[in-house]
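# Structural overview for review
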Amino acid sequence: MILGASEGGVSGRRVGPLSGTPKLPTAVLRSQARPGLSARARIWHHGSMDTISPTDRAYHVVLHGATGFTGRLVAEHLAAHHQDEGLRWAIAGRDEARLVELRDRIRSRFPESGPIGLVVADNHDPGSMARLAASAAVVATTVGPYVRHGEPLVAACVAHRTDYVDLTGEPQFVRRTIDCHHDDATAAGVRIVHCCGFDSIPSDLGTFALQEAAIARDGRPCDEVKFLLQDIRGGVSGGTIASMVDLLEDARSTDVARVVSDPYGLNPEGERHGPDTPDQAGVLRDPVTRSWTGPFVMAPVNTRVVRRTNALLDHRYGREFRYSEVVDTGTGLRGAVRATLLAAGITAFRGAMHARPTRALLRRFALPSPGEGPSPQSIESGHFTALLSGRRGGSEVLRATVHADRDPGYGATAIMLAESALCLALPGEEPSGVPGVVTPASAMGHALIGRLGRRGVHVRVQD
Ligand SMILES: NC(=O)c1ccc[n+]([C@@H]2O[C@H](COP(=O)([O-])OP(=O)(O)OC[C@H]3O[C@@H](n4cnc5c(N)ncnc54)[C@H](OP(=O)(O)O)[C@@H]3O)[C@@H](O)[C@H]2O)c1
């Protein structure tokens, strides 16, 4: 159900043409002037991916799952920062009363936020998914666990030619939508962009920025990029725990094993090979920085997203490109001890979450429930810094950092998801990129780096 004129006064209006966005055939025609590149790469090269999202929609952006913990933060970001951009947007969820309450709360906190539409939609009601998809140029969704609830909305967005962004970190869900929807989304010119949060934007955009700078400076990319998480402070929400539990419960299923055991598990079929090996599980000393490193829990999804970006961009980073992610725990004995504790802690947590009785105990007494998450103070005081070390022949040749002064999974993630949606939707934005089930860097590249930088999530290359 779409509640419009009487509620927010916007759903009956039409969104104007998304300016600066010629239709796809024009780009393909133009791209034919560059032999030697595939159509996808040529569209990328021209830096003018044609937004073919329908222009005749009630909203630029609908945020689905707005009543959840992360959804509320995304809604607040949109209300706080985008009233001056001519944005027409709506919040969506399955419970109308909670949506009305949320909208009232947003209006009282951000009186200048302008009209906010309401869309009532349940992911398990195909009719409401169709109406939701048809109402917007871009749908951003925080309804998770995605593997449980996500696919009907992806299908509806492909069918209605609506661009889509989400926060999934569930690799088996991404693999499923690639298998089921990539070809149709490509044919329709729709961008289904998963992993637009802390997983995997810092990894994907950091690597993209580093490689683009290497190509611009040296005429060739780095042959290896290593992501070292150097500093992180943040909390966790019940929705993230629920998604993690789903992933661990499914860990032995074919779907999860197929992706997690294969470093190229999210690559296009026929391109699931390369020089990378499984993610680091133990403690190692990095040969370039000399610091100790332990496993990074998000590496199984982030690394595969970065490799998919490379494949979608016609191996712009090279066919022999290597990518890995670790947590940097510092140098000396202290660094070694911290890396050992980290590796042991991850193993113990995974073990506890695998076994039903300990999982139940953890969820009851130690972990947040759905709808709960870190306090506003903890979100404000959170931060993260990742170093991306670009290497050739084992020596570092270029560095990039990704940094934000906000809790990575919530404060910074809300900015990343909101700005991704706006990047695809707003007049004046001309995101470069490829259609299909794609990645943040292959869909939005430089345009998203610019947007995020203006909102406090900084991707910087250091010479
Ligand atoms: N990538 C990242 O860095 C990152 C960061 C944060 C979160 N996440 C992911 O984002 C997701 C949400 O996390 P969260 O903590 O915000 O979770 P949450 O508070 O539990 O919110 C989940 C939302 O989904 C809605 N929902 C559930 N089933 C639905 C259905 N059938 N139809 C429509 N809506 C439905 C809920 O509606 P009600 O309000 O009506 O219950 C709620 O609004 C999780 O998958 C989490 O892993 C990822």
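In this report, the structure presented in the accompanying data block is examined. (Residues numbered from 1 in each chain as written. Predicted model: local features only at pLDDT ≥ 70, side-chain atom pairs only at ≥ 80, totals over all residues.)

The next thing to look at is the overall build of the chain. Along the chain, the regular secondary structure elements total 17 helices and 15 strands. Relative to its 463 residues, the chain shows a buried fraction of 52%. Taking all contacts inside the chain whose residues are at least 6 apart in sequence as the whole, residues at least 24 apart take part in 77%. (Helix = DSSP H or I, 4+ residues; strand = E, 2+ residues; numbered from the N terminus. Buried ≥ 20, exposed ≤ 12 C-beta atoms within 10 Å, placed from the backbone. Contact = placed C-beta atoms within 7 Å.)

Take the site of the ligand next. Around the ligand there are 34 residues in total, and Gly-68, Gly-144, Gly-197, Ser-237 and Gly-239 lie nearest to it. Elements with a contribution of two residues or more to the shell around the ligand: α3 (69-81), α6 (146-149), α10 (238-249) and α16 (408-425). It is α10 that contributes the most residues to the shell around the ligand, four residues altogether. Of the residues contributing to the shell around the ligand, the split by class is seven nonpolar, 22 polar and five charged. When residues are assigned to domains, the shell around the ligand turns out to be shared by domain 1 (2-198 + 411-451) and domain 2 (201-408), each giving three or more. (Near = placed C-beta within 6 Å. Nonpolar A, V, L, I, M, F, W, Y, C, P; charged D, E, K, R; others polar. Domains from an automatic or database assignment.)

Let's shift gears to unusual backbone geometry. Working note: non-glycine residues mostly have negative phi, and peptide bonds are mostly trans. For the peptide bond that leads from Gly-144 to Pro-145, omega is -5 degrees, which places it in the cis range. Take Pro-145: it is sitting in the loop between β5 (136-141) and α6. Omega for the bond connecting Asp-199 with Ser-200 falls within 30 degrees of zero, at 15 degrees, which places this linkage in the cis form. Among the secondary structure elements, Ser-200 is positioned in the loop between β7 (191-193) and α9 (201-218). Positive phi, normally seen in glycine, also occurs at Cys-195, with a value near 60 degrees. You can see Cys-195 is positioned in the loop between β7 and α9. Residue classification places Cys-195 among the buried residues on the basis of 30 C-beta atoms within 10 Å.

Below, the discussion takes up helix α8 (residues 171-188). Under the 1.5 Å per step criterion, the end-to-end length of α8 is 24 Å for 18 residues, consistent within 8% with the ideal 26 Å. Helix geometry: α8 is bent most strongly at His-181, by close to 60 degrees. Among the residues of α8, Pro-171, Gln-172, Phe-173, Val-174, Arg-175, Thr-177, Ile-178, His-181 and Ala-185 are the ones counted as buried. Residue Gly-189 follows α8 closely and has a positive phi angle near 75 degrees. (Expected span 1.5 Å × (residues − 1). Bend = angle between axes of the 7 residues up to and from the residue.)

A separate point is the nonpolar core. Val-61, Val-62 and Leu-63 are the most contacted members of the largest nonpolar core, which totals 122 residues. For this core, the leading source of residues is α16, giving 12 residues. If you count residues domain by domain, this core takes at least three from each of domain 1 (2-198 + 411-451) and domain 2 (201-408). Among all residues touching Val-62, those that are not within four sequence positions of it are Trp-89, Ala-90, Ala-92, Val-119, Leu-132, Ser-135, Ala-136 and Val-139. (Core = buried A, V, L, I, M, F, W, Y, C linked by C-beta atoms within 7 Å.)

Here the focus is the pairing of strand β4 (residues 116-120). Here β4 lies mainly inside the structure; four of its five residues are buried. Of the pairings in the sheet, the one linking strand β3 (residues 89-93) to β4 comprises five bridges and is parallel in character. Residue pairing in the sheet places Ala-92 in a bridge with Val-119 of β4. In the classification by handedness, the crossover that spans β3, the intervening helix α4 (residues 96-109) and the parallel β4 is right-handed. (Pairing = 2+ DSSP bridges. Right-handed = clockwise from strand over helix to strand, strands pointing away.)

Attention shifts here to the packing of α9 against helix α17 (residues 440-454). Relative to each other, α9 and α17 sit at 70 degrees, their axes nearing to 10 Å. Here α9 lies roughly perpendicular to α17, going by the angle between them. On α17, the residues touching Ile-201, Asp-204, Leu-205, Phe-208 and Ala-209 of α9 are Pro-440, Ala-441, Gly-445, Leu-448 and Ile-449. Looking at the contact of α9 with α17, its residues break down into eight nonpolar, one polar and one charged. (Axes fitted to C-alpha atoms, helices over the stretch in contact; angles between N-to-C directions. Parallel < 35°, antiparallel > 145°, perpendicular 65-115°, else oblique.)

So, about α16. For an α-helix, the turn length of 3.6 residues means that residues three or four places apart are oriented alike. Taking 1.5 Å of rise per residue, the 18 residues of α16 would be expected to cover 26 Å, and the 24 Å separating its terminal C-alpha atoms lies within 8% of that figure. When the local axis directions of α16 are compared, the greatest deviation, roughly 30 degrees, occurs at Ala-414. α16 sits mainly inside the fold: 18 of its 18 residues count as buried.

Moving on, we get to the sheet that holds strand β15 (residues 457-462). Spatial ordering of the open sheet is given by β9-β10-β11-β8-β12-β13-β15, a layout of seven strands whose pairing is mixed. Each having just a single partner strand, β9 (284-285) and β15 make up the two edges of the open sheet. Direction of pairing for strand β12 (residues 383-392) relative to strand β13 (residues 395-404): antiparallel, over a ladder of nine bridges. Paired with Arg-391 across the bridge in β13 is Glu-396. Contacting β10 (292-295) and β11 (322-330), helix α12 (residues 299-312) crosses the sheet at an angle of about 145 degrees to β11.

Inspection of the sheet shows β9 paired to β10 by two bridges, in the antiparallel sense. Bridge pairing in β10 places Leu-284 opposite Thr-293. Once β9 ends, the chain turns through six residues before running back antiparallel as β10, passing Arg-290 with a positive phi of about 65 degrees. By the bridge criterion, four bridges tie β10 to β11 in an arrangement that is antiparallel. Each bridged residue has a counterpart across the sheet, and for Pro-295 the counterpart in β11 is Val-326.

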